[in-house]
Amino acid sequence: MPIKGHYKFVNSFRSTSSLTYLPSPATQRTCMSAAVKRYRYLRKLTNFRQMDFEFALWQMTFLFINPQKVYRNFQHRKETKLQFARDDPAFLVLLSGLLCVSSIAFTYVLRLGFIEFLKFLLYIVTVDCLLSGVIISTVLWIVANRYLIKSNYKGQDVEWAYAFDIHLNAFVPTLVISHIFQLFFYHIFLRHDWFLPLFIGNTLWLIAIGYYLYITFLGYSCLPILHKTEVLLTPFILLFFLYILSFAINWNISDNVMSIYKYRIL
């Protein structure tokens, strides 16, 4: 009897100790707090050696070629690091470089001085990229969490940082097409009000904004906790309407945008 009692005690100890030291399941909410995530992100921002620029450049390239592949990587990050948002600021650093390049290009095309270049760069970074991104990301973040969460996923939500990452993803092709690519043809071609320059210039803006809308849609549609994300495609109706209207009223979007940029800094 004492021997049986001893075995029972040992077995019960083994079972309880094994339960105690088992790792937490992958589905358990063990994410870091938002403050800790921000601290680690900002700390990496000061250390270029910790940034993966090659992978960030791969992401930027595939945002043009196959944006779905980029968001599959976001899903992998959720499975391995329990967050959708980027934890590496390399993408943001490369985007900052693109903003500088586009500002230099605009400075050359508009024949601006150094002070005007700094004003233009400050405006495009703070207003066009960051402020507009914060507003759009916050609105879509609220819409997604209030109206698009599936009923069986109540209690979970979309990270605001991920919503802002979606904006940055969508902003890259829009920036390259509308602020870099078309500048090569502006003085030669796009500034004129003939039909062909009007058609090509306005079509470039259609593609640029269409990229933004489509990549934004992909960012939310890939989340398993959301449904009815097709509603995010409805702005395409307004976009196509304005595109047709621009020809009816002879509206040269490229020339008007240039005028707005000149008004900003002069």
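The structure this text deals with has already been given above.
Positions within a chain are numbered from 1, following the residues in the order the chain's sequence is written. With pLDDT at 70 or above as the cut-off, local features in this predicted model cover only qualifying residues; side-chain atom pairs require 80 or more to be listed or tallied, and sums for whole chains, interfaces and linings still use all residues. To obtain the side-chain values, all non-hydrogen atoms of the structure were included, while hydrogens and water were left out.

Chemist: I'm lost on a nonpolar patch on the surface in this one. Help?
Modeler: Where nonpolar side chains cluster on the molecular surface, the patch consists of Leu-238, Phe-241, Leu-242, Leu-245, Ile-249 and Trp-251 and spans about 550 Å² of accessible area. For helices the rule is a DSSP run of H or I covering at least 4 residues; for strands it is a run of E covering at least 2, with both sets numbered from the N terminus onward. Relative to the assigned elements, Phe-241 resides in helix α10 (residues 235–248). The patch calculation keeps residues exceeding 30% relative accessible area without a salt bridge and links them within 9 Å when they carry like charges or within 5 Å when they are nonpolar (Val, Leu, Ile, Met, Phe, Trp, Tyr). Where accessible areas are quoted, they stem from the Shrake-Rupley method and a 1.4 Å probe; at the residue level, only the protein chains shown are allowed to cover. Any Lys or Arg side-chain nitrogen found within 4 Å of a carboxyl oxygen on Asp or Glu counts as a salt bridge.

Chemist: Honestly, the side chain of Ser-254 in this entry has me stumped. Any pointers?
Modeler: Secondary-structure assignment places Ser-254 in helix α11 (residues 253–265). Three labels apply to residues, based on accessible area from a 1.4 Å probe with only protein chains included: buried if under 20% of the type maximum, exposed if over 50%, partly exposed otherwise in between. We classify Ser-254 as buried; its relative accessible area is 2%. In this structure the side chain of Ser-254 is engaged in a polar contact, spanning 2.8 Å, whose partner is the side chain of Gln-182. Identification of polar contacts relies on pairs of N or O atoms within 3.5 Å, with a donor-acceptor requirement for protein atoms, meaning one able to donate a hydrogen and the other able to accept it, and with residues adjacent in sequence counted only if both atoms are side-chain atoms. For Ser-254, the side chain forms a polar contact with the side chain of Trp-205, separated by 3.4 Å.

Chemist: So what exactly am I meant to see when it comes to unusual backbone geometry here?
Modeler: Across the chain, the bulk of peptide bonds are trans and the bulk of non-glycine residues have phi less than zero. Phi is positive for Lys-228, which is not a glycine, with a value near 60°. The topology assignment puts Lys-228 in the loop between α9 (195–221) and α10. The residue Asn-250 is not glycine, and still its phi comes out positive at about 55°. Within the fold, Asn-250 resides in the loop between α10 and α11. On the basis of relative accessible area, Asn-250 is assigned to the partly exposed category, the value being 42%.

Chemist: Just to check I follow, could you spell out helix α3 (residues 53–65) for this structure?
Modeler: What a helix should span is 1.5 Å times the count of its residues minus one. For α3, spanning 13 residues, the distance from its first C-alpha to its last is 18 Å, which sits close to the expected 18 Å at 1.5 Å a residue. Inspection of α3 places Ala-56, Gln-59, Met-60, Phe-62 and Leu-63 among the buried residues, and these make up the whole buried set.

Chemist: Could you clarify how one ought to interpret helix α5 (residues 90–110) in this entry?
Modeler: Residues three or four positions apart in an α-helix share a direction because the helix packs 3.6 residues into each turn. In this model, α5 (21 residues) spans 30 Å end to end at C-alpha, consistent with the 30 Å of a helix rising 1.5 Å per residue. Among the residues of α5, those classed as buried are Ala-90, Phe-91, Leu-95, Leu-98, Leu-99, Ser-102, Ser-103, Phe-106, Thr-107, Val-109 and Leu-110. Of the residues flanking the end of α5, it is Arg-111, one or two places downstream, whose phi is positive at about 55°.

Chemist: Just checking my understanding: could you explain the packing of α5 against helix α6 (residues 114–148) for this structure?
Modeler: When two helices pack together, you describe them by how their axes are tilted relative to each other and by the distance separating the axes. Relative to each other, α5 and α6 sit at 135°, their axes nearing to 9 Å. It follows from the interaxial angle that α5 and α6 lie oblique. Considering the relative orientation of α5 and α6, their crossing is right-handed. Here α5 contributes Leu-95, Leu-99, Cys-100, Ser-102, Ser-103, Ile-104, Phe-106 and Thr-107 to the contact with α6, which in turn contributes Phe-117, Phe-120, Leu-121, Ile-124, Val-125 and Cys-129. Helix axes are fitted only over the stretch in contact, all axes being lines through C-alpha atoms; the angle between N-to-C directions runs from 0 to 180 degrees. Throughout this description, any angle smaller than 35 degrees is read as roughly parallel, any larger than 145 degrees as roughly antiparallel, any in the 65 to 115 degree range as roughly perpendicular, and the remainder as oblique. If you view the pair so one helix is near and one far, a crossing is left-handed when the near helix is turned anticlockwise from the far one by less than a right angle, and right-handed when it is turned clockwise. In this description, contact between two residues means that some pair of their heavy atoms is separated by no more than 4.5 Å.

Chemist: Could you clarify how one ought to interpret the packing of aromatic side chains in this entry?
Modeler: Within a pair of aromatic rings, the relevant descriptors are the distance that separates the centres and the angle that separates the planes. Whether two aromatic rings pair depends on their centres lying within 6.5 Å, for rings of Phe, Tyr and Trp, where Trp uses its six-membered ring; planes under 30 degrees apart make the pair stacked, over 60 edge-to-face, and the rest tilted. Scanning the entire structure with this criterion turns up 15 aromatic pairs. Between the aromatic rings of Phe-106 and Tyr-261, the centroid separation amounts to 5.0 Å while the plane-to-plane angle is 80°, which identifies the pairing as edge-to-face. Highlighted residues: Phe-106 in helix α5 and Tyr-261 in helix α11, separated in sequence by 155 residues. For Tyr-261, a relative accessible area of 5% puts it in the buried group. Relative to Phe-117, the ring of Phe-114 has its centre 6.2 Å away and its plane inclined at 35°; by these criteria the two rings are tilted. Of the two residues, Phe-114 and Phe-117 both sit in helix α6, three residues apart, roughly one turn of that helix. The class of Phe-117 is buried, set by a relative accessible area of 14%. The rings of Phe-195, Phe-199, Tyr-243 and Phe-247 are connected pair by pair, giving a single aromatic cluster.

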